[in-house]
Amino acid sequence: MFSNSSKDLSLSWQNLLRQHRAIAVIRTNNLNLGLNMAKAVSAGGIRLIEITWNSGRPAQLIRQICQELPNCTVGTGTILNLEQLQGAIAAKVQFCFTPNVNPILIQTAINARIPIIPGALSPTEIVTAWQLGASCVKVFPIQAMGGSSYIKGLQGPLGSIPLIPTGGVTLDNAADFIQAGAIAVGLSGQLFPKNAIDNKNWEVITQKAKMLLQKLKPFSSI
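Report on the accompanying structure.

### Quick look at the overall build of the protein chain
Within the protein chain, the regular secondary structure consists of ten helices and eight strands. The C-alpha radius of gyration computed for the protein chain amounts to 16 Å, which stays within 12% of the reference 17 Å derived for 222 residues, consistent with globular compactness. For the protein chain, the spread of C-alpha atoms along the three principal axes comes to 50 × 35 × 30 Å. In the protein chain, which comprises 222 residues, the proportion classed as buried is 50%. By sequence separation, contacts in the protein chain at least 24 residues apart represent 60% of the contacts at least 6 residues apart. Counting only carbon and sulfur atoms, one obtains 50% of the accessible surface of the protein chain, whose full area is about 9800 Å². In the protein chain, 18 side chains carry a positive charge and 9 a negative one; their mean positions are 4 Å apart.

### Comments concerning the packing of aromatic side chains
Within the structure shown, the criterion is met by two aromatic pairs. Both rings, one in F95 and one in F97, keep their centres 5.8 Å apart while their planes meet at 85°; by these two values the pair is edge-to-face. Assessed through its relative accessible area of 1%, F97 is described here as buried. Feature note: the residues W13, F95 and F97 constitute an aromatic cluster, connected by ring pairs. Looking at K138, its charged tip hangs above the ring of F140, at a distance of 4.7 Å from the centre.

Parameters at a glance
- Residues numbered from 1 in each chain as written.
- Predicted model: local features only at pLDDT ≥ 70, side-chain atom pairs only at ≥ 80, totals over all residues.
- Heavy atoms only, no water.
- Helix = DSSP H or I, 4+ residues; strand = E, 2+ residues; numbered from the N terminus.
- Rg over C-alpha atoms; globule rule 2.2 N^0.38 Å.
- Buried < 20%, exposed > 50% of the residue type's maximum accessible area, 1.4 Å probe, protein only.
- Contact = heavy atoms within 4.5 Å.
- Areas by Shrake-Rupley, 256 points an atom, 1.4 Å probe, with all protein chains shown as cover.
- Lys, Arg positive; Asp, Glu negative; His and termini not counted.
- Charge placed at Lys NZ, Arg CZ, Asp CG, Glu CD.
- Phe/Tyr/Trp six-rings, centres within 6.5 Å; stacked < 30°, edge-to-face > 60°.
- Lys NZ or Arg CZ within 6 Å of the ring centre and 35° of its normal.

Here it is, written out as structure tokens:
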């Protein structure tokens, strides 16, 4: 059973997701590019930013974004083991995604009072993650399961579990996932086209962020 404090932590995180609905996922080996990518989506209105731990110098990038974008909530993802999670906690992450269900990582994050969102795919994995104390569950890769129709299909038996689909969410279908019952969505490549990054055309990324939020605005609790 979760403690009252862990329940409160999860509820606060879920309220934040209902307000913003979208998480920008940044993966890069270049510190400067990562900072500019974060600034570009922030300029477009996105306030939830995930830096994957397999980026170059993720702890430094997270600290720098937190310092330069204090209005954003900055977390990490692709955490695979306890050593990585401890490094993320030391970097003062504000939420954490994992690609799988790992009881040790879930409990460690709960103890550190950091929202933890494990990755799951089947109903069994989703329920297991939730019962272990996850703040939400990431449904990944959603494209492999047919997209928003899978989220909709889960609502009958598992509608009380807040789900965040990733791995196949686009600007065009993001609203479909929220309408199907997801609490929020995570996007990476769709927000950060390679040619825009190569050409350092940050305005393209800012405009994509604005376009995404406009599509999600009817579902936002702001």
